[in-house]
Amino acid sequence: MKGAYTTGKYRNVFAELGYDEKEIEARKEEIFQTLFYGSDEERIYHPVGDDMGYMEDTGNHDARTEGMSYGMMMCVQMDKKEEFDRLWKWSKTYMYLEEGRNAGYFAWSCQTNGKKNAFGAAPDGEEFFVMALIFASKRWGNGEGIFNYEKEAKDILHAMIHKGENGEEGRAMFAPENKYIRFIVEVDFTDPSYHLPHFYELCAEVAYEEDKEFLKEAAKESRKYLKKACHPVTGLCAEYAEYDGTPYVTDSMQWGGRHDWYYSDAYRTIANISLDYSWFAADEWQVEQAERFQKFFCETLDGKDWDHIYLVDGTKLEQKVLHPVAVIATNAQSALITDTEYGKECVRKFWETPLRTGDRRYYDNCLYFFAYLALSGNYRIY
């Protein structure tokens, strides 16, 4: 099989299952409008002044590089240049770090007035910033200053790969010894959901010449790593993991508690694997992974108890998930690369699930929209 990178064709899984194409398209537009221009109880986007805006993490009441870069990716996929530029200008104005050991990166959390909550960076934000900027340069062309999207992307990538070299203060986001993306630059373990080989493949085409080969290798190594991090029976992975793929275990509250289980961050992993295969079809293991993942949720769990936390071996814990809609959305996205009855079951469940409401809607609804874009054939390479 060849991926969309080669064929230019994107599956519309909803249409394949018989949903009306006009309804599919209308619902896509409705989701965007709800997230960006819905009521105060629905929206997560907030314009600021004449030329800026931010995405609010409604559960924590801050703006994060995760959400800002997610918003930019949503906008470039939806051809919403004004909102894209507003988000990017807010990010560069308030989040970009001009000095210190993390200069060249972005502060991972800011108050909604722009004041930095932290001076550390979370690499998943930089990854999505870069990919969204590259797509923007391809879709809309480059402008001046910070709106020279391609140059901005290349500069961020260069810092992610080279920071800390030749006695420079700070550390690279990619570990030089294995080319894995770090959880944060200060540590030597990773987050499987940060591994985005499909992004690295495309970044390699645009990056500065000295960075191209590194990114090509990073794509290969990330695909290998995900095989180590995902359980061979359940398909589940931990939120944080060691470089050998085993769950990262700590008795410290340094990272806000436990992260060796299948929980919030980890939901993104199957979505990333599915998008990677749909674009590049580089490794048939990814299809097998999606199928075992579906089997776990639809056969082992019999389609029930998706709102519980699980260890990577499938052991059910009493605690409930924080983001139940995100689970449904990312499970459905696995059907992008399969043709199984279980996959179809996941898609139907997703179709029947509305956007989340309430304070915790931000993360769920971001993953919801990405899954919807992918399953409707609208999460595309530019």
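A few points on the structure. Because the structure is predicted, anything quoted here is derived from the model rather than measured. (Residues numbered from 1 in each chain as written. Predicted model: local features only at pLDDT ≥ 70, side-chain atom pairs only at ≥ 80, totals over all residues. Heavy atoms only, no water.)

Moving on, we come to the overall build of the protein chain. Scanning the protein chain from terminus to terminus reveals 14 helices and six strands. The C-alpha atoms of the protein chain give a radius of gyration of 19 Å, which matches the 21 Å a tight globule of 382 residues would have. The buried share among the 382 residues of the protein chain stands at 61%. Counting contacts in the protein chain only where the partners sit at least 6 residues apart, residues at least 24 apart contribute 66% of the total. Counting only carbon and sulfur atoms, one obtains 46% of the accessible surface of the protein chain, whose full area is about 15100 Å². Taking the average place of the 45 positive charges on the side chains of the protein chain and the average place of its 67 negative ones, the gap between the two points comes to 2 Å. (Helix = DSSP H or I, 4+ residues; strand = E, 2+ residues; numbered from the N terminus. Rg over C-alpha atoms; globule rule 2.2 N^0.38 Å. Buried < 20%, exposed > 50% of the residue type's maximum accessible area, 1.4 Å probe, protein only. Contact = heavy atoms within 4.5 Å. Areas by Shrake-Rupley, 256 points an atom, 1.4 Å probe, with all protein chains shown as cover. Lys, Arg positive; Asp, Glu negative; His and termini not counted. Charge placed at Lys NZ, Arg CZ, Asp CG, Glu CD.)

Taken as a whole, the largest pocket holds about 860 Å³ of empty space. Forming the walls of the largest pocket are 32 residues, and the residues nearest its centre are Arg 64, Trp 108, Tyr 240, His 259 and Asp 265. Contributing elements (two or more residues each) for the lining of the largest pocket: helix 4 (65-78) and helix 14 (361-375). Taken together, the residues of the lining of the largest pocket sort by class into 14 nonpolar, eight polar and ten charged. (1 Å grid on protein atoms, 1.4 Å probe; cavity = no way out; pocket = protein on both sides within 12 Å on 5 of 7 lines; lining within 4 Å. Points joined across faces, edges and corners; volume = space filled by probe spheres on them. Nonpolar A, V, L, I, M, F, W, Y, C, P; charged D, E, K, R; others polar.)

Helix length check: helix 3 (residues 21-37) (17 residues) gives 24 Å between terminal C-alpha atoms against 24 Å at 1.5 Å per residue, within 8%. At the N-terminal boundary of helix 3, the capping side chain belongs to Asp 20, with an oxygen 3.1 Å from the backbone nitrogen of Lys 22. (Expected span 1.5 Å × (residues − 1). Polar contact = N/O pair within 3.5 Å; in protein donor to acceptor, adjacent residues only side chain to side chain.)

This next bit is on the packing of aromatic side chains. If you walk through the whole model with that rule in mind, you get 47 aromatic pairs. Both rings, one in Phe 296 and one in Phe 297, keep their centres 5.2 Å apart while their planes meet at 85°; by these two values the pair is edge-to-face. Through pairs of rings, three or more aromatic residues link up here, namely Tyr 70, Phe 128, Phe 135, Phe 199, Trp 279, Phe 370, Tyr 379 and Tyr 382. Seen from the ring of Trp 351, Arg 27 lies directly overhead, with NZ or CZ sitting 4.5 Å from the centre. In this structure, Lys 163 is placed above the aromatic ring of Tyr 105, and the distance from its NZ or CZ to the ring centre is 6.0 Å. (Phe/Tyr/Trp six-rings, centres within 6.5 Å; stacked < 30°, edge-to-face > 60°. Lys NZ or Arg CZ within 6 Å of the ring centre and 35° of its normal.)

On to the environment of Asp 155. Residue placement: Asp 155 occurs in helix 7 (residues 149-162). Sequence separation between Asp 155 and Ala 207 is 52 residues, and the spatial gap between their C-alpha atoms is 8.4 Å.

Attention now goes to the packing of helix 13 (residues 341-351) against helix 14. Running from amino to carboxyl end, helix 13 crosses helix 14 at an angle of 125°, the nearest separation of the two axes being 12 Å. In this view, helix 13 runs oblique relative to helix 14, as classed from their interaxial angle. By crossing handedness, the relation of helix 13 to helix 14 is classed as left-handed. When helix 13 is examined against helix 14, the residues Val 347, Phe 350 and Trp 351 are found in contact with a partner set consisting of Tyr 368, Ala 371, Tyr 372 and Leu 375. The residue inventory of the contact of helix 13 with helix 14, partitioned by class, reads seven nonpolar, no polar and no charged. (Axes fitted to C-alpha atoms, helices over the stretch in contact; angles between N-to-C directions. Parallel < 35°, antiparallel > 145°, perpendicular 65-115°, else oblique. Left-handed = near helix turned anticlockwise from the far one by under 90°.)

Attention now goes to the pairing of strand 2 (residues 52-55). Neither face of strand 2 is left uncovered, since the one carrying Met 52 and Tyr 54 and the one carrying Gly 53 and Met 55 both have all their residues buried. Relative to strand 2, strand 1 (residues 45-48) is paired through four bridges, and the arrangement is antiparallel. Bridge pairing links Pro 47 to Gly 53 in strand 2. Linking strand 1 back to strand 2 in an antiparallel pair, the connection comprises three residues, with Gly 49 at a positive phi of about 60°. (Pairing = 2+ DSSP bridges.)

This part takes up the environment of Ala 218. Among the secondary structure elements, Ala 218 is positioned in helix 9 (residues 209-229). Among residues more than four places away in sequence, those in contact with Ala 218 are Phe 174, Lys 179 and Tyr 200.

For helix 11 (residues 285-300), every residue scored as buried is listed here: Trp 285, Gln 286, Val 287, Gln 289, Ala 290, Arg 292, Phe 293, Gln 294, Phe 296, Phe 297 and Cys 298. Directly after helix 11, the chain includes Asp 302, whose backbone phi takes a positive value near 55°.

Keep in mind these values describe shape, not function.
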